Each structure stands twice: as structure tokens, then as C-alpha cells.
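Okay, here's what each chain looks like letter by letter:
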Amino acid sequence: MQRLQDIAIKVESPEGVQASHGNALPILHEILHALQRFSTEGEQSCIDLRSLPFGPGDEEELLRLLGRGEINVTMDALGESTIWETAFSGVWIVDHRNAEGEPVALQIEIGPVPQIVFSQQEDIVDAIDRLEAQLNDH
Amino acid sequence: MADDRKKLSMTLGESLRQQGVSRRGFLKYCAATASMMALPPTMVPAIAQALEKAKRPSVIWLSFQECTGCTESLTRSHSPSVENLIFDHISLDYHHTLQVASGDAAEAAREAAMHENEGKYIVVVDGSIPLANPGYSSIAGISNLQMLEETVAGAAAVVAVGSCAAFGGLPHANPNPTGAVSVGEIVKDKPVVNVSGCPPIPTVITGVLAHFLTFGSLPELDALGRPMVFFGQSIHDRCYRRPFYDKGLFAETFDDEGARKGWCLFRLGCKGPMTYNACATAKWNQGTSWPVESGHGCLGCSEPDFWDAGGFYNALSIPDSDLTRKTGYVVGAGVALGAAAGALNRSTRAKAAAKHETVTIDDLDKKS
Ligand code: SF4
Ligand code: SF4
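Because the structure is a prediction, the values reported are computed rather than measured.

**Observations regarding the nonpolar core**
Residue and element names in this part refer to chain B.
Turning to step 1, where the next piece is worked out: Counting 36 residues, the largest nonpolar core has Val 161, Val 195 and Trp 290 as the members making the most contacts within it.
Turning to step 2, where the next piece is worked out: Within the residue set of this core, elements represented by two or more residues are strand S1 (58–63), helix H5 (69–75), strand S3 (122–126), strand S7 (157–161), strand S9 (192–195), helix H11 (202–215), helix H12 (228–231) and helix H15 (279–282).
Turning to step 3, where the next piece is worked out: Per element, the largest residue contribution to this core is 5 residues, and it comes from H11.
Turning to step 4, where the next piece is worked out: Those residues in contact with Val 161 that sit more than four places away from it in its chain are Trp 61, Cys 70, Val 124, Val 125, Asp 126, Gly 127, Val 195, Pro 200 and Ile 205.

**Examining the UniProt feature "domain: HupH hydrogenase expression protein C-terminal" (unreviewed entry) in chain A**
Turning to step 1, where the next piece is worked out: Here, the residues flagged by UniProt with the feature "domain: HupH hydrogenase expression protein C-terminal" (unreviewed entry) are residues 23–135 of chain A.
Turning to step 2, where the next piece is worked out: What you have in residues 23–135 of chain A is 37% helix and 27% strand, and the ends, taken at the C-alpha atoms, are 56 Å apart.

**Some words on the side chain of B:Thr178**
Turning to step 1, where the next piece is worked out: Note on placement: B:Thr178 falls in the loop between helix H10 (169–172) and strand S8 (180–181).
Turning to step 2, where the next piece is worked out: For B:Thr178, the contacting residues outside a window of four places in its chain are B:Gln65, B:Pro130, B:Leu131, B:Ala132, B:Tyr136 and B:Pro171.

**Overview of empty space enclosed by the protein**
Residues and elements named next belong to chain B.
Turning to step 1, where the next piece is worked out: Enumeration according to the criterion identifies 4 cavities of 30 Å³ or more in this entry.
Turning to step 2, where the next piece is worked out: The space that makes up the largest cavity amounts to roughly 100 Å³.
Turning to step 3, where the next piece is worked out: If you go around the largest cavity, you meet 13 residues; those closest to its centre are His 236, Cys 239, Cys 264, Leu 265 and Cys 270.

**Some points on the environment of A:Glu100**
Residue and element names in this part refer to chain A.
Turning to step 1, where the next piece is worked out: The topology assignment puts Glu 100 in the loop between strand S4 (91–97) and strand S5 (103–110).
Turning to step 2, where the next piece is worked out: Using a relative accessible area of 40% as the deciding quantity, one classes Glu 100 as partly exposed.
Turning to step 3, where the next piece is worked out: In this structure the C-alpha to C-alpha distance between Glu 100 and Leu 78, which are 22 residues apart in sequence, comes to 9.6 Å.

**Topic: the interface of chain A and chain B**
Turning to step 1, where the next piece is worked out: Counting from both sides, the interface comprises 36 residues of chain A and, opposite them, 29 residues of chain B.
Turning to step 2, where the next piece is worked out: Across the chain A to chain B interface the summed buried area is about 2800 Å²; carbon plus sulfur atoms make up 58%.
Turning to step 3, where the next piece is worked out: Applying the counting rule to chain A against chain B returns 1 salt bridge.
Turning to step 4, where the next piece is worked out: With a shortest N-O distance of 3.3 Å, A:Glu122 and B:Arg23 are connected by a salt bridge.

**Quick notes on the confidence of the model for chain B**
All names here are of chain B.
Turning to step 1, where the next piece is worked out: Mean pLDDT over chain B: 79, with 78% of residues reaching 70 or higher.
Turning to step 2, where the next piece is worked out: This model gives residues 318–354 a pLDDT under 50, and the stretch forms 68 contacts once residues within four places in sequence are excluded.
Turning to step 3, where the next piece is worked out: A low-confidence stretch, residues 363–368 (pLDDT under 50), is modelled with 9 contacts involving residues beyond four sequence positions or located in other chains.
Turning to step 4, where the next piece is worked out: Among the scores for the predicted complex, ipTM is 0.83 and pTM is 0.79.

Analysis parameters
- Residues numbered from 1 in each chain as written.
- Chains lettered and ligands numbered in written order.
- Predicted model: local features only at pLDDT ≥ 70, side-chain atom pairs only at ≥ 80, totals over all residues.
- Heavy atoms only, no water.
- Core = buried A, V, L, I, M, F, W, Y, C linked by side-chain atoms within 4.5 Å.
- Buried < 20%, exposed > 50% of the residue type's maximum accessible area, 1.4 Å probe, protein only.
- Helix = DSSP H or I, 4+ residues; strand = E, 2+ residues; numbered from the N terminus.
- Contact = heavy atoms within 4.5 Å.
- UniProt positions renumbered as here; feature names shortened; annotations may be inferred.
- 1 Å grid on protein atoms, 1.4 Å probe; cavity = no way out; pocket = protein on both sides within 12 Å on 5 of 7 lines; lining within 4 Å.
- Points joined across faces, edges and corners; volume = space filled by probe spheres on them.
- Buried area = accessible area lost by both parts, 1.4 Å probe.
- Salt bridge = Lys/Arg side-chain N within 4 Å of Asp/Glu carboxyl O.
- pLDDT = per-residue confidence, 0-100.

Here's what the structure looks like:
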């Protein structure tokens with residue numbers, strides 16, 4: 001089946017550029033305050049971009065203003081997720097997709113590393129079991 | 001069958017682990033669920049903890065006087081993935097539009113689900129119920145009213161999906177030839193959640209089910225019985241065109257300069273200021289867009305009697321401050337289901353079957 005993102009959509013606007021609805025800047029302020037809190041108090045935070053009243057072009061504008069930093073992570077769990085540090089250290093984008101590549105969550109995390117990147121205790125316990133089983137086979 | 005039963009008794013955490021889903025995958029699922037339920041991301045650990053232990057509830061879906069748009073809306077839902085939600089996390093035991101079985105076999109499946117999950121299952125209803133004549137809408141010869149009353153008797157809660165089930169919808173529009181009423185007008189002794197919208201937003205339907213699954217309770221409701229997380233703010237309050245409204249910049253026709261510049265659609269009949277729904281942020285078609293974003297005013301589809309509220313293209317003439325209703329929201333925790341589950345009508349499968357009064361072709365000819 002043809003996916004929605006495969007359908008070509010021509011965006012028309014008077015100036016030939018995507019209209020900005022000015023919703024990116026307030027989020028940048030929120031990010032700044034969160035980053036200051038993280039720097040001084042160590043408080044990590046997360047902003048869910050899906051629940052915001054974004055107009056056409058707002059999300060693209062926000063991601064463009066945040067830019068790309070040095071680290072990119074690809075995670076493959078129930079579909080692919082891409083995680084990258086923005087040009088502003090400590091500000092991360094977490095873009096979760098399902099198995100069909102459709103977006104399921106888009107978040108901005110403020111902290112040293114997004115929580116989901118860390119190895120999880122449950123998975124480590126499972127890894128010990130599997131490693132032991134493998135050694136027993138030899 | 002034995003496998004099905006084992007699956008039912010497993011918690012969600014156990015069944016995901018059995019499928020080889022890592023903790024990271026589970027956390028990702030929880031992040032998507034939190035986003036879907038419009039809960040802050042800080043809730044993810046609490047959601048993970050609750051979902052880890054959640055068991056699959058049985059869901060019986062009844063379709064009455066409807067156009068199937070609500071089921072269409074749900075089956076187009078993708079987040080986290082309705083297939084996951086339906087087949088892994090709830091047990092959809094009856095849905096006569098989607099299931100293969102029909103007639104007596106289908107009704108037997110419904111009665112079996114009611115019997116086996118007495119006091120614990122959720123009834124989802126789309127469509128309104130005709131009271132003028134039972135023959136206007138029946139399934140396997142059972143009138144909508146009878147099927148609703150008998151199915152709800154042993155349920156934990158009822159979710160009225162779509163404006164027809166929530167408020168009567170199109171069938172209820174003047175002059176209401178079938179005598180259509182909403183679910184809430186019939187069900188008085190069980191918690192009823194209204195997920196209105198024509199159609200309702202799929203993530204709102206799954207969000208309510210996910211809330212039940214996560215917290216074992218229903219979400220906090222507004223004065224019209226709708227979940228506050230999704231219906232707590234008006235379309236107008238969340239509309240990205242609002243800055244234009246505040247500056248008095250309005251499109252006057254659908255193709256003028258204002259329309260091209262994305263100005264406010266109030267004068268073209270937008271009912272956003274009196275409409276409470278989540279489409280301004282949840283959006284349609286995999287989060288692609290929503291009516292106002294594609295240049296058309298809001299019709300007010302999630303409000304009672306929106307069909308009869310004047311023309312869709314007539315501008316609201318009352319000043320905005322009068323339109324922003326002060327709804328008397330129910331404040332506090334979600335509606336606990338424990339009490340409802342305790343006050344059960346212990347109807348058995350045999351009793352339910354015996355009670356059926358079949359609607360015949362003669363009923364259709366009867367004057368209502
Ligand atoms: S009137 Fe309609 S288009 Fe204008 S700001 Fe309100 S909801 Fe948006
Ligand atoms: S914009 Fe209005 S009419 Fe359209 S789906 Fe949303 S609430 Fe319904």
C-alpha cells in the first residue's frame with residue numbers, strides 16, 4: 001500500500017517559502033530554561049512535541065534552528081528510532097518510529113544522554129543468562 | 001484455545017518478553033503511549049511499571065445506527081499501532097463489522113465473552129440507539145436497545161465512541177425519524193466515557209483503552225462525559241491560527257489573500273471557539289494535518305447536536321469571551337472501576353440467550 005508520506009504534496013505559499021507560524025521560538029525558550037536547570041541543578045527534562053499546537057512548517061523550523069551536533073544514534077526496537085544531539089550540547093531529539101516507519105513519538109530530551117540509550121538493567125540480566133548459556137556450550 | 005487462555009492470563013510485560021522485545025523496546029512503547037494519552041513524558045516510568053503488570057481486558061464492540069466511520073477511524077490508527085493494541089493488549093472478543101463470524105455464531109461469541117469476563121469487560125459502542133421502533137436497527141434479530149442493555153449489565157465500563165453513541169449524532173438530527181438516543185441516555189448504572197467526534201480521533205479511542213489498561217481506571221471526565229486530557233481545551237485555544245484571530249486577521253473567502261496567508265477562518269464559519277477536541281494537536285492521518293490546517297473551518301463535530309447548530313459556513317456571531325464555555329469539570333482522580341465491577345448483574349450466557357426477543361420483518365412494518 002502506498003504510504004501517506006509517499007504522496008507528493010505541493011505546498012503553495014505567496015513567497016514560495018513555507019510560512020512560519022511562530023511556534024518554534026517559544027519552545028526554544030522552554031529548552032533554554034530546561035538546559036539552565038540541568039546545568040545548575042542537574043534536573044533532566046523531556047518535551048513531547050506531539051502535544052503542541054504546531055502549524056505547517058513549525059516542527060521543521062524548530063529542528064532547523066536546533067541543528068545537528070556530533071552524535072547520532074540509531075536504535076532498532078519495535079521499529080527504528082533515531083536519536084541525535086542537536087547543535088546545542090545537552091539538547092537531544094528522540095524520533096521514534098514503528099515497524100512501518102511511521103512516527104509514534106517525537107521528543108526533546110535535555111540531559112547528558114537520552115534515558116533510552118543506556119543499557120537497561122532487565123536487558124543486562126537477560127544478557128548474563130545468554131552469555132552463560134553460550135559459555136556452557138563450549 | 002488453551003494458548004489463548006494462557007495469553008490472557010499473562011501480563012503485558014511477560015507477553016512482550018516472550019516475544020523477545022527488549023526493555024528499550026518496551027520503554028519506547030511506553031513513551032509512545034504517554035504521548036498518545038497526552039501525559040507528560042515524566043510519566044513514562046510510572047506507565048512502564050503499570051503496563052508491565054497489566055492483563056488483557058476483554059472488549060466487546062457493539063455497532064448500532066452508524067456509518068462505520070468510527071471503526072474506519074480506529075483501524076486507520078497507527079500509534080503505537082492499533083494492531084498491537086487490539087490483538088496484543090486487549091482481547092477484542094466481538095466486533096460484528098470486523099469479525100468473520102456472523103449471526104448466531106457471533107452472538108454466541110459475545111455471550112461467551114460476557115460470561116467469562118463478567119464484571120471486568122469493557123463495552124465499546126459506536127452508533128446511536130433507535131427507540132421509535134426496534135426494527136430500525138437490529139443484529140441477528142436482536143434490537144439495539146436489548147443488545148446494549150444485556151451486554152452492559154455485566155460490564156465494568158462503557159466507552160461511547162463517536163458523536164452518534166455519545167450524543168445521538170446524525171441519526172438524532174432534527175427531525176430524528178428513528179427516535180435515536182445516545183448510550184448515556186440508556187446506561188445510567190455504569191461509568192460511560194464519551195469519545196465524541198465525527199469520526200473520533202483514533203488516538204483518543206486507543207488513549208482511553210490504554211488509560212484503562214495502564215491505571216485500571218477511566219480518565220477524568222468533563223461535564224459531557226469526555227476525557228479531559230483530550231477534550232479539556234477548545235480547538236480555538238490550541239489552534240496555530242490563533243495569533244491571527246487575536247490580531248483581527250481573517251480570511252473572508254476560501255481563495256482570498258488571507259486564506260493563502262493562513263489567516264483565521266472564523267468568518268468562514270469555523271466553530272473552533274465552541275468545540276472541544278484534540279485534533280489541533282493529535283491531528284489526522286498519522287499526525288499529518290487537521291481540517292483547519294488544510295484551510296477549512298472546524299464543523300464542531302465533537303459537540304452535541306452540531307448538525308443542527310446552524311450552517312457550517314455561518315460565522316459564530318457571539319464575542320469569543322461568551323463562547324469559551326466554563327465547563328464544570330469533574331476534578332480529582334479518574335473514575336474508579338472497582339465499585340462498578342463489584343455491583344454486577346450476574347447474568348449467565350444461558351439467561352442472556354433465553355432473553356432474546358427476535359425482531360421480525362413484521363416489526364419493520366409496524367407503525368412506530
Ligand atoms: S476561529 Fe478557528 S481558525 Fe480561527 S483561531 Fe479559532 S479555531 Fe483557529
Ligand atoms: S476540526 Fe472540528 S469538525 Fe474537524 S475533526 Fe476537529 S473537531 Fe471535528
